[in-house]
Amino acid sequence: MTSSTEEVTAALRRSKLFAELPDDDVRALARASRRLRLEPGEVLLEEGSPPDAMYVVTAGELEVLRAGAGAPLLLNVMVPGDLIGELGVAHGRPRSATVRARSAATLQRIGASALDRLLAHPGSARALLVSMSRRLDREEALLRQRERMAALGSLAAGLLHELNNPASAVVRGAARL
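Definitions and cut-offs
- Per-chain numbering applies: the sequence of each chain, read as written, is numbered from 1 onward.
- Reporting in this predicted model follows two pLDDT cut-offs: at least 70 for local features of residues, and 80 or more for side-chain atom pairs to be given and counted; totals over whole chains, interfaces and linings ignore these cut-offs and use all residues.
- Computation of side-chain values: all heavy atoms of the structure, hydrogens and water removed.
- Here, a strand pair is defined by DSSP locating no fewer than two bridges between the strands.
- Helix numbering and strand numbering both begin at the N terminus, where a helix is a DSSP run of H or I of at least 4 residues and a strand a DSSP run of E of at least 2.
- Lines fitted to the C-alpha atoms define the axes, with helices restricted to the stretch that makes contact. Angles between their N-to-C directions range from 0 to 180 degrees.
- The rule for a salt bridge is simple: a side-chain nitrogen of Lys or Arg has to be within 4 Å of a carboxyl oxygen of Asp or Glu.
- When a residue's accessible area, from a 1.4 Å probe over protein chains only, is under 20% of the maximum for its type it is buried; when over 50% it is exposed; and in between it is partly exposed.

## Quick word on the sheet that holds strand β4 (residues 62-66)
Judged by pairing direction, the sheet is antiparallel, and its four strands sit side by side in the order β2-β7-β4-β5 without closing on themselves. At either margin of the open sheet sits one strand with a lone partner, and together these are β2 (43-45) and β5 (73-78). Here the average twist between neighbouring strands, direction ignored, is 30°. The pairing of β4 with β5 spans five bridges and is antiparallel. Counted as the bridge partner of Val-64 is Asn-76 from β5.

In structure tokens, the structure reads:
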């Protein structure tokens, strides 16, 4: 095993998904993966793009954004050990968010076919499901919070309108007097 494969294996082990896999399986993933480097602001995945791989962050930070009314909504910040893109690969659906580098970042790209091999291991299948459900819970909570804030904004606007109407009527009445 080369030192590069050793480094990649150690980086993959920091991810909960790969922590319980047998050493030979992690080394095989390390050999099959490809290292990517991103500069700050560089986009890794575009919302709506096809799911062809998942990624493990080995250095740096990435931000996960979803298009919203006005500005994009920040869903998550990914740090070393985090997985990106496994939801899209597992579902076979287009990417649900855009991912871009917050700082210089290094990732390991693991092709979609590797997911089938991972699911053959109960420990990694469980870790993948936990990772997916946590991420879905986080995204759902953020979207609910955004909806509540939008409803609060509408309520405040309606309240201001109701308060302004009587005040305007008083001003018009006073002007007539």
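The discussion continues.
## What about the pattern of salt bridges?
One side chain can pair with another of opposite charge once the charged atoms of both are near each other. For the coordinates displayed, the defined rule picks out six salt bridges. Between Arg-100 and Glu-63 there is a salt bridge; the shortest N-O distance is 2.5 Å. Highlighted residues: Arg-100 in strand β7 (residues 98-101) and Glu-63 in strand β4, separated in sequence by 37 residues. Classification of Arg-100 as partly exposed rests on a relative accessible area of 32%. Of the residues examined, Glu-63 reaches a relative accessible area of 11% and is grouped as buried. Between Arg-144 and Glu-140 there is a salt bridge whose closest N-O contact spans 2.5 Å. Of the two residues, Arg-144 and Glu-140 both sit in helix α6 (residues 122-176), four residues apart, roughly one turn of that helix. Look at Arg-144 and you get partly exposed, because its relative accessible area is 38%. According to the relative accessible area criterion, Glu-140 is partly exposed, its value standing at 45%. Taken together, the shared-partner salt bridges connect Asp-52, Arg-95 and Arg-109 into one network.

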